[in-house]
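Structure at a glance
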Amino acid sequence: MNDHSKLVASEVKTEKLDDRAGGDREATRQDSIERILQRKHRVFLLPRNQKLTKLSMYSACQGPDCRCTGWKTPEENRHKDVEVDYCPDFQEECRNPNCKHPLEMHISHLGEVNDDQTNELLGAIVDVENLYMSMLRETDTDTKKVYAYLFRLLRQCILTRSQAVIRGPLGDPPFEHPSISKAVTNFVLHKYSHLSQGELETMTEVAKTFLHCLNHWNFEAPSARKDLNHEDASNYKINYTRWLVFCHVPAFCSSLRHFETSIVFGRTLLKAVYQYVYQQLLTKCKTEKDRMPPEKRNMLSQLPKFLEALKHEVVNEDSQIWDPNFKPTASLILQKTKRQHEAASSSSAKKSNDPKRYKRDSDCEDLPDDVVVKALKRINDSNYTSRAEVVFPPNAPRDEAAKAEENRREIEFHVVGNSLTKPVTKESMLWLLGLHSVFAHQLPGMPREYISQLVFDPKHKTLALIKDGRPIGGICFRTFASQGFTEIVFCAVTSSEQVKGYGTHLMNHLKDYSTQRGIKHFLTYADEFAIGYFKKQGFSKDIKVSRHVYAGYIKEYEGATLMHCELHPSLIYTQFSSVIRKQKEIVKELIAQRQQEVQKVHPGLSCFKEGLRSIPIESIPGLREVGWRPQYRAQRAARPLEESADPDKLANSLNVVLQSVRQHSAAWPFLKPVNPTEVPDYYDHIKYPMDLKTMGDRLKNNCANTLERYFQTKMKEIELENESDPEDDDDDDDDEDCVKVTPKAGYGMKTKAISTQSSVVDLIRAEVKPAEGGVGTL
């Protein structure tokens, strides 16, 4: 690199060199990124020759047997900058003594590169130069190694003109579930959902501020963390390297894909850095509180309380916010629904008071709140029993017994899996061994080695059903987050615990686990014995996912059927049956209340005995009193048939469709009628056979009939005109029914009298000639 490039690259990394305290110089960081963007913009505006010269410095020589990896400026021009004022001649030779080839040999392969690709390569070159200067200035050994690795990666990508993809033992983001962002969201729901709408919004803003600070934080290098033990230090070193590669460096190197820290990391990283971040943020709150605007000052005053409360949840091993299956309690859901209802009511009130808005009519009336509250109190009464349930007892949901056992803590559900990057607890390993035994016993067709390979594979996880401390069932699955679906590999419950609703409850837990992570599709290969189970769980043989999404990802099995289940992100599947049952009870109680209000009994209808076949529904006595309202629907205008509008156009359209069907690769069995000599009893069973040849014949006949009807109509009109013509009153009786037809000139026909209408049609049909488009013309 020349001196000017080094000087610019040294400026862009000031925030990394001077900001080891962890986020105290956010303005410096943003200024550095802004300077990088400005420099890239200046490079993009260079003339093409200067752009190619810049690229040549990072392009291999195309000369035979030459190993030069970049053109070097001649000695006399070494201190000139191609980004400012230097545009060399393409015949200038490379300074490398092993090359000595002219500049054009380093850019001969870039002729087909367009401007967008050229700018993309130039942006990667700017990133490489920034990384190079960062590597030279870095004092920490571990960080320097990461910069060197990324520098070589981008350098190779420029040479090969390929996209930078990071592969290796670091894994792919996200690295933990749930993420820090999800856990903080759970914390706000768990801790502050009881507050009023305004207070909850304030705490939500505090949480967003904390996550924003965490996403822009500069963490300490592992060598500076002397307070960690050996195991924690090893985990921190891995996470620090991941943070550098996927979060920190991509913030100023746009050639690398950037991820937010709070999205890809979880509890392990937050627990390791929280104490230091906590102290720094408290200090920053005290120093900058008075400088904040008034609208932000109240939010900042709540930050210390928020950090102190969150600190206990980060340290607590049994905190609910880190539970992958965390769901708000029923009271929190009701509170949230109440706030949403209040917000909607206030919003609707504002809209109704706005004179500029039109009042929107509604076909349905919302029930008063006191009526709904009365129904809820009635069905929640311990002595309440619906009259319908006495005669027709409701069928309990399949998972009702399993949900009751879970509430009594008799069974538990845990997602367990093996790992190569963090230690696995002894309990989890014992559960995996127990699940392996359950799968092997319940799925005898699967080899034990294959079951072991998948159950203990770190990429697979298993939702375990634990009873009395041991697994009695589970679902082994693998999530493909990039493809948006989860593959269910094994699903089994031990034989002694079946027919208790465990299978349904297991699947509902897995559905909730997936929707919380943004997964909306399940795919699985089910054998003939499992198809019924999966159908009950909402699976279907109708695959609504494109094949290219799952082809090559999901494991295929011979003799099995691929099934698909689409998940709705708004549903909580473990509570779905209870919610539906509660809704049914509310509707039944509302109906019962309305029946009690309508005390008047009307006599039956006797009009039908008097001969009436129908009456308007609104004339039924008492119907309006129970709440019925007429529904007025706009009359739909009849759609005119294309045949009546233009028969020729319709015939052409149908011919095109028929011809396309005939040319289809699968149409060969239907081209001609079935030969009765080959299949004697075919027409005995098929009463109305159809084939493409018959379709073509019918299309021709229908077109002819339509044309004939057209001429018949015209002849009728001519007859009526002749009957009403006073000039024909003096004709002889023999000519009373005659009409005169004069064809168009050029057809060689003489004027002649036709005594019958059919002969006129025959005559006209005889003079129909095919036009260029295939339609007859007169």
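Residues numbered from 1 in each chain as written. Predicted model: local features only at pLDDT ≥ 70, side-chain atom pairs only at ≥ 80, totals over all residues. Heavy atoms only, no water.

**Quick look at the overall build of the protein chain**
Assigned secondary structure in the protein chain consists of 28 helices and 10 strands. Relative to its full complement of 778 residues, the protein chain shows a buried share of 36%. The long-range fraction of contacts in the protein chain, counting pairs at least 24 apart against all pairs at least 6 apart in sequence, stands at 67%. When the accessible surface of the protein chain is split by element, carbon and sulfur atoms take 52% of a total near 48500 Å². (Helix = DSSP H or I, 4+ residues; strand = E, 2+ residues; numbered from the N terminus. Buried < 20%, exposed > 50% of the residue type's maximum accessible area, 1.4 Å probe, protein only. Contact = heavy atoms within 4.5 Å. Areas by Shrake-Rupley, 256 points an atom, 1.4 Å probe, with all protein chains shown as cover.)

**Quick notes on the side chain of Ser-181**
Tracing the chain through its elements places Ser-181 in helix H8 (residues 180-192). Looking at Ser-181, the relative accessible area reads 17%, which means it is buried. Setting aside residues up to four positions removed in sequence, Ser-181 forms contacts with Leu-211, Ser-262 and Ile-263.

**Looking at helix H4 (residues 48-56)**
Across the 9 residues that make up H4, a large majority, 7, are buried. For H4, the set of buried residues is Gln-50, Lys-51, Leu-52, Thr-53, Lys-54, Leu-55 and Ser-56.

**Describing unusual backbone geometry**
Backbone torsion omega between Pro-173 and Pro-174 reads -5 degrees, so that peptide bond is classified as cis. Mapped onto the elements, Pro-174 comes out in the loop between helix H7 (141-160) and H8. You will see that Asp-468, though not glycine, has its phi angle at about 55 degrees, which is positive. By secondary structure assignment, the location of Asp-468 is in the loop between strand S2 (461-467) and strand S3 (470-480). For Asp-468, a relative accessible area of 72% puts it in the exposed group.

**Focus: the packing of aromatic side chains**
Counted under the stated rule, the structure contains 24 aromatic pairs. Consider the rings of Phe-210 and Phe-306, whose centres lie 6.3 Å apart with planes at 55 degrees: the pair is tilted. Of the two residues, Phe-210 sits in helix H9 (residues 197-215) while Phe-306 sits in helix H13 (residues 294-315), which places them 96 residues apart along the sequence. With respect to burial, Phe-210 and Phe-306 carry one shared label: buried. For the pair Tyr-682 and Tyr-683, a centre-to-centre distance of 5.1 Å together with 90 degrees between the ring planes defines the contact as edge-to-face. By the ring-pair criterion, three or more aromatic residues cluster together here, those being Phe-187, Tyr-192, Phe-210, Tyr-274, Tyr-278 and Phe-306. Its guanidinium or amino end placed over the ring of Tyr-236, Arg-225 lies 5.1 Å from that ring's centre, counting from NZ or CZ. Of note, Arg-517 hangs over the ring of Tyr-513, and the distance from its end group to the ring centre comes to 3.7 Å. (Phe/Tyr/Trp six-rings, centres within 6.5 Å; stacked < 30°, edge-to-face > 60°. Lys NZ or Arg CZ within 6 Å of the ring centre and 35° of its normal.)

**Describing the packing of H4 against helix H6 (residues 115-137)**
Where H4 contacts H6, the axes come no closer than 10 Å and their chain directions differ by 45 degrees. When the axis of H4 is compared with that of H6, the two are oblique. Where H4 crosses over H6, the handedness of that crossing is left-handed. Along its contact with H4, which presents Arg-48, Lys-51, Lys-54 and Leu-55, the element H6 presents Asp-115, Thr-118, Asn-119, Leu-121, Leu-122, Ile-125 and Glu-129. Residue composition of the contact of H4 with H6, grouped by class: 4 nonpolar, 2 polar and 5 charged. (Axes fitted to C-alpha atoms, helices over the stretch in contact; angles between N-to-C directions. Parallel < 35°, antiparallel > 145°, perpendicular 65-115°, else oblique. Left-handed = near helix turned anticlockwise from the far one by under 90°. Nonpolar A, V, L, I, M, F, W, Y, C, P; charged D, E, K, R; others polar.)

**Topic: the confidence of the model for the protein chain**
Considering every residue of the protein chain, the mean pLDDT works out to 76; 75% of them sit at 70 or more. Low pLDDT, under 50, characterises residues 355-363; the predicted model gives this stretch 1 contact beyond four residues in sequence or across chains. Counting interchain partners and residues more than four positions distant, the pLDDT-below-50 stretch residues 725-778 has 52 contacts. (pLDDT = per-residue confidence, 0-100.)

**Brief notes about the packing of helix H18 (residues 426-442) against helix H19 (residues 448-455)**
Two numbers describe how H18 lies on H19: the axes approach to 10 Å, and their chain directions differ by 140 degrees. Seen from above, H18 lies across H19 with right-handed handedness. For the pair formed by H18 and H19, the contact residues are Leu-432, His-436, Phe-439 and Ala-440 on the first element and Arg-448, Ile-451, Ser-452 and Val-455 on the second. Counted by class, the contact of H18 with H19 contains 5 nonpolar, 2 polar and 1 charged residues.

**Remarks on a nonpolar patch on the surface**
Together, Leu-605, Phe-608, Leu-612, Ile-617 and Ile-620 make up a nonpolar patch on the protein surface, roughly 420 Å² of accessible area in all. Overall, the relative accessible area of 43% leaves Ile-617 in the partly exposed class. (Patch = residues over 30% accessible without salt bridge, like charges linked within 9 Å, V, L, I, M, F, W, Y side chains within 5 Å. Salt bridge = Lys/Arg side-chain N within 4 Å of Asp/Glu carboxyl O.)

**Overview of the nonpolar core**
Tyr-192, Phe-210, Phe-219, Phe-306 and Leu-307 are the most contacted members of the largest nonpolar core, which has 91 residues in total. Structurally, this core is a two-domain feature, drawing no fewer than three residues from each of domain 1 (32-160) and domain 2 (180-328). Sequence-distant contacts of Leu-307, that is, excluding residues within four places in its chain, are made with Phe-210, Tyr-274, Tyr-278, Leu-281 and Leu-282. In terms of nonpolar packing, the next biggest core, distinct from the first, is built from 25 residues, Leu-463, Ile-488, Ala-530 and Cys-565 among them. (Core = buried A, V, L, I, M, F, W, Y, C linked by side-chain atoms within 4.5 Å. Domains from an automatic or database assignment.)

**Focus: the sheet that holds S3**
Judged by pairing direction, the sheet is mixed, and its 6 strands sit side by side in the order S1-S2-S3-S4-S5-S6 without closing on themselves. A single partner strand is all that each edge strand has here, and the edge strands are strand S1 (411-416) and strand S6 (561-566). For this sheet, the mean angle separating the axes of adjacent strands, direction not counted, is 25 degrees. Taken strand by strand, H18 contacts S1, S2, S3 and strand S4 (485-493), and its axis lies near 90 degrees from that of S3. Docked against the sheet, helix H20 (residues 502-515) engages S1, S2, S3, S4, strand S5 (521-526) and S6, running at close to 35 degrees with respect to S3. (Pairing = 2+ DSSP bridges.)

**Some words on the pattern of salt bridges**
Under the counting rule described, the total for this entry stands at 12 salt bridges. In this structure, Lys-237 engages Asp-142 in a salt bridge whose closest nitrogen and oxygen atoms are separated by 3.8 Å. With Lys-237 in helix H10 (residues 230-248) and Asp-142 in helix H7, the pair connects residues that are 95 residues apart, well separated along the chain. With a closest N to O distance of 3.4 Å, Lys-693 and Asp-697 form a salt bridge. Taken together, the residues Lys-693 and Asp-697, both in helix H27 (residues 692-723) and 4 residues apart, mark about one turn of the helix. Of the residues examined, Lys-693 reaches a relative accessible area of 42% and is grouped as partly exposed. Each member of the salt-bridge network shares a partner with another, and the members are Arg-39, Lys-54 and Glu-129.

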